[in-house]
Amino acid sequence: MGTTGTALLLALGPTALVFGVLVFTLNSMARVTFALLASLVCVGGVVTVLGLPYLGVVIVLMMVMEMVVMAVFMIAYMMNPAGLMPMSMLHNKRGAAAISGVVFAALVAGIFLVPWPDRTGTRPADTTFQVGMALMEEQMLTMVTLGFVLLATMVGATVLATRRGRYDRFGDDLDERPAKDPSGGGVGR
């Protein structure tokens, strides 16, 4: 790893940690969602810098879509205004702190106490292909098809959930000015 990779690791790692802490200190679901998104994007960057670009990009793409969908549904369906009302993300603070401390100490001890294996053989030329085959193998067509089905389902659900479209506001030829508001109010009101 070169100087650029080291600099990126030194920037992305602590940034991911800071946004991870913000997940538990911010006081609204919408802000927590975007803090979690930023943390996971930084984690995807770390994975990419460590030599697994396919996995890093997949992490970033998955987390961006997941968090955006979560934010949209929170804003649309939560009882408080857009998930922005103050709330606490902390429950059972003492128990959570004790469990977190023990798990953190065990993981740090594991880093230093586990006998890590030495590399055998040479590094493959295309790590992206190797990770893709390890993750998907014979299921790539299934996953691609599933992705299109899920996208079509989300678009279809959104279309069915709305009662109006562009033709309701601007007329059949899209030339009605000012636009008619289907809710009964005028545009400038």
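To be clear, the structure that these remarks concern was listed above.
One structure accompanies this document, and this report is about it. Position numbers for residues count from 1 along each chain, tracking the sequence in the order it is written. Given that this is a predicted model, residues contribute local features only at a pLDDT of at least 70 and side-chain atom pairs are listed and counted only at 80 or more, while totals for whole chains, interfaces and linings are drawn from all residues. Derived side-chain values reflect all non-hydrogen atoms in the structure, with water molecules and hydrogen atoms excluded from consideration.

Right, let's get into the overall build of the protein. Helix numbering and strand numbering both begin at the N terminus, where a helix is a DSSP run of H or I of at least 4 residues and a strand a DSSP run of E of at least 2. Looking only at helices and strands, the protein has seven helices and zero strands in total. Mapped in sequence order, the helices and strands of the protein form the string α-α-α-α-α-α-α. The buried share of the protein, taken over its 189 residues, is 14%. When checking whether two residues touch, look at their non-hydrogen atoms; a contact exists if any pair is within 4.5 Å. Across the protein, the fraction of contacts at a sequence separation of at least 24, relative to all contacts at a separation of at least 6, is 58%. Residue exposure ignores everything except the shown protein chains as possible cover, and the areas themselves are Shrake-Rupley values with a 1.4 Å probe. Total accessible area on the protein is roughly 14300 Å²; 71% of this is exposed by carbon and sulfur atoms. A simple rule labels every residue: compare its accessible area, found with a 1.4 Å probe on the protein chains alone, to the largest value its type can have, and call it buried under 20%, exposed over 50%, or partly exposed in between.

A separate point is the packing of helix α3 (residues 53–77) against helix α5 (residues 127–136). Closest axis-to-axis distance for the α3/α5 pair is 7 Å, and the angle between their directions is 60°. When the axis of α3 is compared with that of α5, the two are oblique. Of the residues in α5, those touching α3 at Pro 53, Tyr 54 and Leu 55 are Thr 127, Thr 128, Val 131, Gly 132 and Leu 135. Gly is placed with the polar residues, together with every amino acid not listed as nonpolar (Ala, Val, Leu, Ile, Met, Phe, Trp, Tyr, Cys and Pro) or charged (Asp, Glu, Lys and Arg). Classifying every residue of the contact of α3 with α5 gives five nonpolar, three polar and no charged. Note on method: axes are straight lines fitted to C-alpha atoms, helices fitted across the in-contact stretch only, with angles between N-to-C directions ranging 0 to 180 degrees. Throughout, the term roughly parallel applies to angles under 35 degrees, roughly antiparallel to angles over 145, roughly perpendicular to angles from 65 to 115, and oblique to all others.

This part covers the environment of Val 68. Counting through the fold element by element, Val 68 comes out in helix α3. Considered as a pair, Val 68 and Leu 37 are 31 residues apart in the sequence and their alpha carbons are 8.6 Å apart.

For the rest of this paragraph, the subject is a nonpolar patch on the surface. Taken together, the side chains of Met 65, Met 140, Val 144, Phe 148, Leu 151, Met 154, Val 155 and Val 159 make up a nonpolar region of the molecular surface, amounting to roughly 760 Å² of accessible area. For Met 140, a relative accessible area of 39% gives the class partly exposed. Residues enter a patch when their relative accessible area is above 30% and they make no salt bridge; the linking distance is 9 Å between like charges and 5 Å between nonpolar side chains (Val, Leu, Ile, Met, Phe, Trp, Tyr). Whenever a carboxyl oxygen of Asp or Glu lies within 4 Å of a side-chain nitrogen of Lys or Arg, that contact is scored as a salt bridge.

Our focus in this paragraph is the packing of helix α1 (residues 3–25) against helix α2 (residues 29–49). At a minimum axis distance of 8 Å, the contact between α1 and α2 shows a crossing angle of 155°. Viewed along their axes, α1 and α2 adopt a mutual orientation that is roughly antiparallel. In this structure, the crossing between α1 and α2 has a hand that is left-handed. Across from Gly 5, Leu 8, Leu 9, Leu 12, Gly 13, Thr 15, Ala 16, Phe 19, Gly 20, Leu 22 and Val 23 in α1, the residues of α2 making contact are Val 32, Ala 35, Leu 36, Ala 38, Ser 39, Cys 42, Val 43, Gly 45, Val 46 and Val 49. Partitioning the contact of α1 with α2 into residue classes produces 15 nonpolar, six polar and no charged. Crossing chirality is assigned from the near helix's rotation relative to the far helix, an anticlockwise turn below a right angle marking it left-handed and a clockwise turn marking it right-handed.

Let us now look at the side chain of Ser 39. Position of Ser 39 relative to the elements: it lies in helix α2. For Ser 39, a relative accessible area of 9% translates into the label buried. For Ser 39, the residues in contact, after removing those within four places along its chain, are Ala 16, Phe 19 and Gly 20.

The next subject is the environment of Gly 45. With respect to the helices and strands, the residue Gly 45 is situated in helix α2. For Gly 45, a relative accessible area of 18% gives the class buried. Remark: the alpha-carbon pair of Gly 45 and Gly 56, spanning eleven residues in sequence, is separated by 6.1 Å.

This part covers α2. Multiplying 1.5 Å by the helix residue count minus one yields the expected span of that helix. Its 21 residues place the ends of α2 30 Å apart at the C-alpha level, agreeing with the 30 Å of an ideal helix rising 1.5 Å per residue. Residues of α2 that are buried: Ala 30, Val 32, Thr 33, Ala 35, Leu 37, Ser 39, Cys 42, Gly 44, Gly 45, Val 46 and Val 47. Gly 51 sits one or two residues past α2 and shows a positive phi near 105°.

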